[in-house]
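Residue-level listing of the chains:
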Amino acid sequence: MKFIKLFFLLEIVLIVNVSAASKISIRSSYKPIIDTIIKLDTVKDKKLLKIKQSAGNKNVKTAKTDTSKRKSKDGLDSELKFSDDDSTITDNVHKILYLYGKARVKYQDVEMDADYIRIDQKNNLIFASGSIDPVTHRYIGRPITKQGKDKPVESDSLLFNYKTKKGKVYNPASEQDGNFISGGQVKKLNDDEVAYRNVLFSTCDKPFPETDFGIVITKGIGEKNRIISGPAYLEIEGVPLPLAIPFGFFPKPDHKTSGLILPTFGEDSQLGFYIKNLGYYLALNDYVDFTTQGTYYSKGSYDLNETVHYLNRYEYSGNLSLSYGSHNYGLEGDPPEKDFNITWSHTKNPNASPGSTFSASVNAGTSTYYQNNAAAVGYNLDALTQNNLSSSISYSKQWIGTPFNLNVALSHSQDLTAKTITLDLPTVSFNMSTLSPFDSKDRVGEQKWYQKITIGYSLQAENNINAIPENELFKGNTLFKRMQNGMEHQIPIGFNQTILKYFQFSASANYTEQWYLQSIKESYDRNNLIDPTLPVIDTVGGFKRAGEYTLSTGISTKVYFRADFKNSKLKAIREVMTPSLSFSYNPDFSDPSFGYYKTLVSNAVVPYPISVTNYSIFQSGIYGGPSAGRQAALNLSIDNTIEAKVRPKATDTSQTDRKIKLIDGLTFAASYNFAADSFKLSQISFSGHTALFHEKVNLSFSGSLNPYVTNVRDSIGGGSIQKYVQMVNRYTFQDGMFPTLTSFSISASGSLNPATFQPHTTTPPVGALLANQSTQQAQRLALINSDPSAYVDFKIPWNISFNYNFSYANQYTSTSVANTLMLSGDINLTPKWKVQYTTNYDIRARQLGSATSFSIYRDLHCWDLSMQWLPFGYYKSYNVTLRVKSTILQDLKLSKKSDYTSSPYYNPQ
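Residues numbered from 1 in each chain as written. Predicted model: local features only at pLDDT ≥ 70, side-chain atom pairs only at ≥ 80, totals over all residues. Heavy atoms only, no water.

(A) Representation of the overall build of the chain in the model. Counting secondary structure elements, the chain contains seven helices and 56 strands. When burial is assessed residue by residue, the chain has 34% of its 909 residues classed as buried. For the chain, restricting intrachain contacts to residue pairs at least 6 apart in sequence, the fraction spanning at least 24 positions comes to 50%. Counting only carbon and sulfur atoms, one obtains 58% of the accessible surface of the chain, whose full area is about 53,000 Å². (Helix = DSSP H or I, 4+ residues; strand = E, 2+ residues; numbered from the N terminus. Buried < 20%, exposed > 50% of the residue type's maximum accessible area, 1.4 Å probe, protein only. Contact = heavy atoms within 4.5 Å. Areas by Shrake-Rupley, 256 points an atom, 1.4 Å probe, with all protein chains shown as cover.)

See below:
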């Protein structure tokens, strides 16, 4: 306090004497600046005071802004620029400037803003501090300093040599890539090193001393990318904890840095104690990094994971993850269950090479991987309960200026329940967009009818393995024995013409040809001891081709109906009906003259009677073969759209009628085949959809009707009465009955939150956002993708998503009904508390599904507290986690959990 009073007195004397000597008038409202930090340059202040008292008027002047030039040792001139909003006092004898009120100084790559700055040009020193507001009595105008590309540093006061770039900073506050340094004292030694004393190293952006969490470094040296400290201790909410270290190392990166990933410890009810996610992060450069992690259990089980992230800005980005696990959930000595999983995601910027694209989305592995490695996916229910895995790697090429394009794709699909795999290695598609061969680019006037004829071409080629057991995939020559391949060409020819002003006439012809390298041959073997009534199927090598064609023609129009209402809120109802009538024809390609079908005659052996059947030699081909049976079908479909127009409310200033879609796409369709011997009329199908509550809820329905009389008969087999269905070639309406409903389904889905009640805004495409993301954004996105539960958006106060499904199927001998409701969403109990939920409810069975979960999140500013609870079912468990938000300290967390019941014989009852 003595020094503060002394400094206050010195400033008053300095101002009064200098003002009196130079007869400078300073505003009477000015109050001298007192810094809140005691450690100031007091010795030089006293010397300057004695000299200033003898200074003459000719040595002191005032200025609003000025520029002083200094010559460096190498002879180059450097400018010291300064300005202020209040006043400037200049001591020409001692070359000292005093800047008051939003002062600013710039020298070379150093910029400084403060409410008060003193520039000692003779000694190359700058002192800066804030001031006390005369109204609020708060300390305002703290110095803000920025050097080069470094982040700005805010402080209470500082003393800085702008020539040597050395200085002292009191109560600094700075941020760099999620790290915050505040409080204490900092002494700048050179461009790359600083000395710390009693500073707080934290991941919290709150200013000192309100910081929630941090480590107090009593003494330390800070380099460009790290801090090496002496004694340090943990502090939470300003309260020191008895957790200290004699020395430490803290990352302060401006780029990726390699380092050890600390593990977590715990116990699994079946696998024993564990050391989880111990690993190493290797940053090769700013474009590629590797993360290696492993988990070991005391009973011998272990997990290994290797993840590679790569990014080439404006070109491509992606990540590849390889996971392997060996777990023993059985008795001691039983062989472990070994699983692996591969995920790969690659995105290419479409602007990098116009005309071509490449993308990959791979998720493949053993069918029990997610079941045995639930912790690896954070107990994510979507991953744990999925029944299928799929992958796709695709390349496309568009020849600009031509109608040709090429697509090549490798795909994989995996049924986790049946444990089968289907591979496409690869699928090739070459297409030519439709052309008008009789039209001219230089045509003047309307098209003539023949100029509207169009022609196109497409080629499809596949090489696949269909539904092979996963345990046979890598055995022997399985890939070659089970591989199927084929090629299909299609040439569509079309014509469209408006006739009689209101009718749209169309005609088309389509030729399809398949090429195969193998076909089949069926025969009966009398020596077949298993069942001589079943034919033996042999594969015959050699090139085979099959061609077929279809012809069709059609006509459609639109019919409008409108009903107006007076003296009602409802103004009008309009229906748009679009009837479409078409005729299609194709010959019977099972005729022996085509050679696509063969006749199979059974052996004449007692007691088996002779049977004669036709089979297609291409029936096992990828694209099948030409269809059997002649078709001359008349097809009818009627599409309906019903809209309502509602008068505006009295409070509506625009007074514009509001249009509401009541039903969109209500369609009825059926066909009648004149060439069929019986059952010429097909089943009648219907479908439709609409949106409710201002298009916030989507509703869809579909079904089919059987127009024929169907009888249920009884038969005796296996010593019991069995029912079977017999359809009669007679229409139900002939007996005065409505067609039988054989299937019906309806679904409703929607998502409601405050954003749904606000006007829609245009959002850039996801691909554009990903293509232009920064390195930091890519890292954060990779973190969210690897652990979606780590990201919770508190900006949305509530959200409700639902999906209702009802289905009905009538097999005449029995009926089946499914009636389920899925609910998910979240709600903010307070601005810091959020509850999430997901559940399925079987309305027919009146019970909740096993995939019911609840999660509670608490935002602790720099920390997140989360609890996930699965109350029942196969994955019954809970998980409580306290973690740091900072991306570089994601492994700093405390977890308490009970692992899910992983036994395949688990019975929830």
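(B) Summary view of the side chain of Thr420. Assignment of secondary structure puts Thr420 in strand E33 (residues 420-435). Given the relative accessible area of 19%, Thr420 is considered buried. Setting aside its immediate chain neighbours within four residues, Thr420 contacts Ser413, Gln414, Asp415, Ala467, Ile468, Pro469 and Glu470.

(C) Up close: the pairing of strand E29 (residues 337-348). Pairing of strand E28 (residues 316-327) with E29, which is carried by 12 bridges, proceeds in the antiparallel orientation. Bridge pairing in E29 links Leu322 to Ile342. The pairing of E29 with strand E30 (residues 356-365) spans seven bridges and is antiparallel. The partner of Thr343 across the bridge, within E30, is Asn363. (Pairing = 2+ DSSP bridges.)

(D) Region of the structure containing the pattern of salt bridges. Considering all chains together, one arrives at 13 salt bridges under this definition. Where Arg545 meets Glu513, a salt bridge forms, and the shortest distance between an N and an O atom there is 3.1 Å. Pair noted here: Arg545 is in strand E37 (residues 536-556) and Glu513 is in strand E36 (residues 503-523), with a separation of 32 residues, a long-range link. With a shortest N-O distance of 3.4 Å, Glu643 and Arg574 are connected by a salt bridge. Of this pair, Glu643 sits in strand E42 (residues 631-646) while Arg574 is found in strand E39 (residues 570-586), placing the two residues 69 residues apart along the sequence. (Salt bridge = Lys/Arg side-chain N within 4 Å of Asp/Glu carboxyl O.)

(E) A look at the packing of aromatic side chains. Taken as a whole and assessed by the stated rule, the structure comprises 25 aromatic pairs. Residues Tyr549 and Phe589 carry aromatic rings whose centres are separated by 5.9 Å and whose planes lie at 90° to one another, so their mutual orientation is edge-to-face. Here Tyr549, found in strand E37, pairs with Phe589, found in the loop between E39 and strand E40 (597-601); they are 40 residues apart in sequence, far enough to count as distant. A relative accessible area of 35% means that Tyr549 is categorised as partly exposed. Classification of Phe589 as buried rests on a relative accessible area of 1%. The ring of Tyr274 carries Lys276 above its face, with NZ or CZ at 4.4 Å from the centroid. (Phe/Tyr/Trp six-rings, centres within 6.5 Å; stacked < 30°, edge-to-face > 60°. Lys NZ or Arg CZ within 6 Å of the ring centre and 35° of its normal.)

(F) Fine view of the environment of Val728. Tracing the sequence through the fold places Val728 in strand E47 (residues 720-731). In sequence terms Val728 and Tyr708 are 20 residues apart; their C-alpha atoms lie 6.4 Å from each other. Residues in contact with Val728, not counting those within four places in the same chain, are Phe679, Tyr708, Val709 and Asn711.

(G) Structural detail: a nonpolar patch on the surface. Residues Ile499, Leu500, Tyr502, Phe503, Ile555, Leu581, Phe583, Leu634, Leu636 and Phe674 make up a contiguous nonpolar surface patch of about 910 Å² in total accessible area. Elements represented by at least two residues in the nonpolar patch include exactly E39 and E42. Position of Ile499 among the secondary structure elements: in strand E35 (residues 484-499). (Patch = residues over 30% accessible without salt bridge, like charges linked within 9 Å, V, L, I, M, F, W, Y side chains within 5 Å.)

(H) Geometry of the nonpolar core. Residues Val105, Ile117 and Ile119 are the most contacted members of the largest nonpolar core, which totals 26 residues. Listing elements by their share of this core, those giving two or more residues are strand E3 (77-83), strand E5 (96-107), strand E6 (110-120), strand E7 (125-129), strand E12 (157-161) and strand E17 (194-202). Excluding anything up to four places from it in sequence, Ile119 contacts Leu80, Phe82, Lys95, Ile96, Leu97, Leu99, Val105, Leu125, Ile126 and Tyr162. (Core = buried A, V, L, I, M, F, W, Y, C linked by side-chain atoms within 4.5 Å.)

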